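Summary of structural features
Listed below, chain by chain, are the residues.
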Amino acid sequence: MSAYDHDDCGPAIGEDAIYLNNAATSWPKPVCVAEAVRESLIAKPGSAHRGGIMDFDVFEAVRARLAALFGIGDSSRISLGSNATWGLNLAFFGIPFERGDTIITTKAEHNSVLRPVHALERRGLVRAVYLDVDAQGRVQPDAWAQALDVHEPRLAAFTHASNVTGAVNDAARLSALAHERGALVLLDASQSAGWVDVEPERWGVDLMTFTGHKYLLGPQGTGGLYVREGLELAPYLVGGTGILSDLDTMPPDMPIHLEAGTGNEPSFHGLLAALEWAEANPFDREERAHLLASLVEGLAERGAHVVQVEGPRTPVVSFTVPGMPNEDVGEVLEGSYDVICRVGLHCAPKVFACLGEEAGTVRLSMSRFTTREEVDVVLGAIGDMTGCGA
Amino acid sequence: MRYACKKIDDCFSDSRTWQYALDATADDLVPLLEETGYQVDVNRKYRRPFFIAENEEGLRVKGVLNRSVVNASFPLDGWEESKARFEAWLEAL
């Protein structure tokens, strides 16, 4: 018997689903994104890095768009790859650490940061310090400065926004504090790019990773790494580049210095379409903030224990329902109400002790497309679970 | 009762949850679970009624009543035996 013979299994996700898992990957995408991917697959492939003036190089076009979005003066400082994890690995394994160096990072980090740091620790190359964050999931600048003073790290790495609580860090201040103490700064903008302003050069960030498939609305398989002028990474991945094939090593110039292998041309066409669409269709931040606030307040009114976040935040809410395991809440939301959310540790396992939620949380993450009616369905569902209809 | 099953992974390395696609709906399964000694809680307030059944050894079976897919989470200790017993029970239905 096939598990897929059943018409009545119910769609995992369909037109009627209420998708609130945008911190994992955004959905829906603007229609033009899928069209751009499709057209790219049908069209003659581009010749990245080899084309003449008449050839369209999608990677260069994406780089230019991203440079404008992020306030980066020289777009060649952005290497493009498969996702933020790709960029983080290039950063962590490309910095010429010396034995005994220290990395300071935070307990709010995603495993895409924690696991490379742990791998470097296991090699005996670096010592890692994991700084507590506050009960909102935010790095406290005073604690950050104190930890920098005590540990004198070679690298300070932190997320711009918690993927669990949505709390946005003051990247400019944290970066300045690290630089004052001689540390390189690596910023993970996976959760913030496309939702809040991200300005690595203005903030003095040395390295910054981002992904294209979350709030930038592009397809999966797109991301990148910004490396500031004057900083050189040893390529963690080496291989073909399509040009300078007579060299034994990766070409020295950015961005190709870090771009081994064939690029994901169709997906970057999709990301380019998304970036162009988003520029032409900016979302109303105030209206989104109001809707997010109504979701947070509504959850609390219905008896959910909500991780409250003040100040700048992404559209992410973490909560638990007293008396119900998180996985039950998630299964009821999806099975009984067609609400797609995420439960558990959200790939950020260290943060929950700081939040006082050791068993993890249920996470709802809105998008620019989330409607008031969808929020009302969620609140109704939580009210049914808690018995507090509000 | 015939079934197909697939392990469901989550955030925890000790997860012991499998999804079962049955050739019947949970409506049919729930009374049989009750007869077998499971404590069954059916919540009909939900837009689609949802059940959670648990037996003495800690095996939890959950799902939407009119659907043919349920999730079964087996106890950490002795999960293999528990899973074998559950599947033998399904096959005997």
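From a predicted model like this one, the values you see are computed outputs, not experimental measurements. (Residues numbered from 1 in each chain as written. Chains lettered and ligands numbered in written order. Predicted model: local features only at pLDDT ≥ 70, side-chain atom pairs only at ≥ 80, totals over all residues. Heavy atoms only, no water.)

Brief notes about the interface of chain B and chain A
Quoted interface sizes are often the accessible area lost when the parts come together. Which entries qualify depends on this criterion: Contact criterion: two residues are considered in contact whenever any of their non-hydrogen atoms come within 4.5 Å of each other. A carboxyl oxygen of Asp or Glu within 4 Å of a side-chain nitrogen of Lys or Arg is what we treat as a salt bridge. In the analysis that follows, any N or O atom pair within 3.5 Å is treated as a polar contact, provided that within protein one partner can donate a hydrogen and the other can accept it, and provided that, for residues neighboring in sequence, both atoms belong to side chains. Under the scheme used here, helices are H or I runs from DSSP no shorter than 4 residues and strands are E runs no shorter than 2 residues, and both carry numbers assigned from the N terminus.
Every contact between the two is made by 24 residues of chain B and, on the other side, 27 residues of chain A. Counting the contacts that link chain B with chain A gives five salt bridges. Summed over the shared surface of chain B and chain A, the number is nine residue pairs in polar contact (both at pLDDT 80 or more). If you list the elements that add at least two residues to the side of chain B that touches chain A, you get β1 (3–8), β2 (17–22), β4 (50–54), β5 (60–64) and β6 (69–73) of chain B.

A look at the sheet that holds strand β10 (residues 316–320) of chain A
Residues and elements named next belong to chain A. Which entries qualify depends on this criterion: Paired strands, in this sense, are two strands between which DSSP finds at least two bridges. Working convention: axes come from line fits to C-alpha atoms, limited for helices to the stretch in contact. Angles between N-to-C directions cover 0 to 180 degrees.
Taken in spatial order, the four strands line up as β9-β10-β13-β12 in an open sheet, and their pairing is antiparallel. Unpaired on one side and paired on the other, β9 (305–306) and β12 (342–344) mark the two borders of the sheet. In this structure, β10 lies alongside strand β13 (residues 361–365), joined through four bridges in antiparallel fashion. What sits directly across from valine 316, in β13, is serine 365. Taken strand by strand, helix α9 (residues 285–301) contacts β9, β10 and β13, and its axis lies near 5° from that of β10.

Quick look at the sheet that holds strand β4 (residues 126–131) of chain A
All names here are of chain A. The sheet built from seven strands is open, its strands ordered β2-β8-β7-β6-β5-β3-β4 with mixed pairing. With one partner strand each, in any of the chains shown, β2 (78–81) and β4 form the two edges of the open sheet. Going across the sheet, the axis of each strand differs from the next one's by a mean of 15°, ignoring polarity. Bridge analysis of strand β7 (residues 207–211) against strand β8 (residues 223–227) gives five bridges, and the strand direction is antiparallel. Bridging from a neighbouring strand, threonine 209 pairs with leucine 225 of β8.

Examining the nonpolar core
Residues and elements named next belong to chain A. The criterion, for reference: Side-chain atoms within 4.5 Å are what join buried Ala, Val, Leu, Ile, Met, Phe, Trp, Tyr and Cys residues into a set we call a nonpolar core. Buried, partly exposed and exposed residues are distinguished by accessible area as a fraction of the type maximum, computed with a 1.4 Å probe on protein chains only: under 20%, between the cut-offs, and over 50%, respectively.
Ranked by size, the top nonpolar core spans 50 residues in total, and within it Val62, Leu66, Trp144, Met208 and Phe210 carry the most contacts. Counting residues per element, this core draws most heavily on helix α2 (residues 58–70), which supplies seven residues. When residues no more than four places from it in sequence are discounted, the contact partners of valine 62 are Leu80, Phe268, Leu271, Leu272 and Leu275.

Notes on the environment of arginine 342 of chain A
Position of arginine 342 of chain A relative to the elements: it lies in strand β12. Sequence-wise, arginine 342 of chain A and glutamate 310 of chain A are 32 residues apart; in three dimensions their C-alpha atoms are separated by 22 Å.

Overview of α9 of chain A
Residues and elements named next belong to chain A. Inclusion rule: Take the residue count of a helix, subtract one, and multiply by 1.5 Å to get its expected span.
Along its 17 residues, α9 runs 24 Å from first to last C-alpha, staying within 8% of the 24 Å computed at 1.5 Å per residue. Among all positions of α9, only Arg288, Leu291, Leu292, Ser294, Leu295, Val296, Gly298 and Leu299 are buried. Looking at the packing, one finds that the buried side of α9 touches β9, β10, β13 and α12 (372–386). Sitting at the head of α9, aspartate 284 places a side-chain oxygen 3.1 Å from the backbone nitrogen of glutamate 286.

Details of the side chain of glutamine 136 of chain A
All names here are of chain A. Relative to the elements of secondary structure, glutamine 136 occurs in the loop between β4 and α5 (141–151). A polar contact is formed between the side chain of glutamine 136 and the backbone nitrogen of glutamate 310, at a distance of 2.7 Å. If sequence neighbours within four positions are ignored, glutamine 136 has contacts with Thr165, Ala167, Gln308, Val309, Glu310 and Leu355.

That's the geometry; what it means functionally is another story.
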